[in-house]
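# Structure assessment
If you want the building blocks of each chain, they are given just below.
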Amino acid sequence: MINGNKIHSILLASGLLALSFANYSMAGAAREEGRLLTATEVLEDVQGMPDQRLPDTLLAHAYGIAVIPDVTQIAFFFGGRHGNGVLTIRDTLNSPWSNPVFISLTGGSWGLQAGAQSSDIILVFTTKSGVEGIAGGKLTLGADASVAAGPVGRQGTAATDVSLAEIYSYARTRGLFGGVAIDGSVIAIDKSANSSLYGKRGVTASDILSGQAPTPPETAQRFLARLATATHTAVRNSPAPQADIPASAARVPPASRAQVAPAAAATAPAAEPPRTYPLDSQSPN
């Protein structure tokens, strides 16, 4: 028979374990929010350089944008790179951007090389297949999707042919920004980071991108607002983060909107089922 002291010890241990888990979750969420803030700063800095910015033509044809700050590359004959960042996509070229999904970027190289450096990587996806075609939870650049070093600045805007590659890659190193070759690098879903930011264990990339995940914190909205400015698109700011509200309805007062709702429901087409994305179907944690 368990005496009172043992029961007290068990309850105390359970409480400490729950408190430790809560503190760990809060620390994880703070870390991911910091990563979002850094990604926002990278976008702001890059777009603030007229002669080295992302070309407007390329951004206008982008179905996905990934920002991966502080990618560390270390080499001594064999080189490796790794970094963590965020990815957001849109269904059409006029749609608001989805809530951000955390990803990782990992790659390697052989050759006469030595040293270490840190770069901010930006990937621009110009086709839907480049984003949605991530089978098994990861995408190998250059194998699963064609990738090319992207053009920059005003001249890049005039010379950009978005049909040359599915993904254009950029790197900012020591203040310099330009296209970079990262063939062979692998993009994978960062499940633990997504769970921390959205406060839901087991949340999937499909949940986030299709609007089935909890509302993200303000840092995510700041990132999306900066991206919307760069791509000249609307900001997704409805209470349900993935629910699109027509601009005409947004200008109608709430009381009037309630009166016109039945008529709108009668003429509105049937809602499509939520889209799913195979980004994290089998990816490791």
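Up top you'll find the structure we're talking about.
Let me sum up the structure you'll find in this document. (Residues numbered from 1 in each chain as written. Predicted model: local features only at pLDDT ≥ 70, side-chain atom pairs only at ≥ 80, totals over all residues. Heavy atoms only, no water.)

Working note: regular strand, side chains alternate between the two faces of the sheet. A large share of strand β5 (residues 167-173) lies buried, amounting to 7 of its 7 residues. Burial along β5 is two-sided: the face carrying Ile-167, Ser-169, Ala-171 and Thr-173 and the face carrying Tyr-168, Tyr-170 and Arg-172 are both buried. (Buried < 20%, exposed > 50% of the residue type's maximum accessible area, 1.4 Å probe, protein only. Helix = DSSP H or I, 4+ residues; strand = E, 2+ residues; numbered from the N terminus.)

Quick look at the side chain of Thr-173 now. Turning to its location among the elements, Thr-173 is positioned in strand β5. Reaching out from Thr-173, the side chain makes a polar contact with the side chain of Ser-119 at a distance of 2.6 Å. Setting aside residues up to four positions removed in sequence, Thr-173 forms contacts with Gln-117, Ser-118 and Ser-119. (Polar contact = N/O pair within 3.5 Å; in protein donor to acceptor, adjacent residues only side chain to side chain. Contact = heavy atoms within 4.5 Å.)

Turning our eyes to something else, we now look at the pattern of salt bridges. As enumerated under the stated definition, the model contains 6 salt bridges in all. In this structure, Arg-53 engages Asp-56 in a salt bridge whose closest nitrogen and oxygen atoms are separated by 3.5 Å. Of the residues examined, Arg-53 reaches a relative accessible area of 24% and is grouped as partly exposed. Since its relative accessible area comes to 35%, Asp-56 is described here as partly exposed. Among the charged side chains, a network of salt bridges with common partners joins Arg-31, Glu-32, Arg-35 and Asp-190. (Salt bridge = Lys/Arg side-chain N within 4 Å of Asp/Glu carboxyl O.)

In this fold, Ala-145 is placed in the loop between β3 (138-140) and β4 (147-149). For the pair Ala-145 and Ile-167, spaced 22 residues apart in sequence, the C-alpha to C-alpha distance is 7.1 Å. What Ala-145 contacts, discounting residues up to four positions off in sequence, is Leu-139, Thr-140, Glu-166 and Ile-167.

Here we come to helix α7 (residues 218-231). Counted at 1.5 Å a residue, the expected span for α7 with its 14 residues is 20 Å, and the 20 Å between its end C-alpha atoms agrees. For α7, the tally of buried residues reaches 10 of 14 residues, placing the bulk of the element in the interior. Taken as a whole, α7 has its buried residues at Thr-219, Ala-220, Gln-221, Phe-223, Leu-224, Arg-226, Leu-227, Ala-228, Ala-230 and Thr-231. (Expected span 1.5 Å × (residues − 1).)

In this structure, Ile-122, Leu-123, Val-124, Phe-125 and Leu-141 are the most contacted members of the largest nonpolar core, which totals 53 residues. If you tally residues by element for this core, the top one is strand β2 (residues 101-125), at 9 residues. (Core = buried A, V, L, I, M, F, W, Y, C linked by side-chain atoms within 4.5 Å.)

Below, the discussion takes up the environment of Pro-217. Summarising the element assignment, Pro-217 is placed in the loop between α6 (205-209) and α7. Taking the C-alpha atoms as reference points, Pro-217 and Tyr-198, 19 residues apart in sequence, are found 7.9 Å from one another. When sequence neighbours within four positions are dropped, the list of residues in contact with Pro-217 reads Glu-33 and Leu-197.

Here we take up unusual backbone geometry. A positive phi angle, near 55°, is found at Asp-70, a position not held by glycine. On the secondary structure map, Asp-70 appears in strand β1 (residues 64-89). Looking at Asp-70, the relative accessible area reads 47%, which means it is partly exposed. Despite not being glycine, His-232 has its phi angle at roughly 60°, a positive value.

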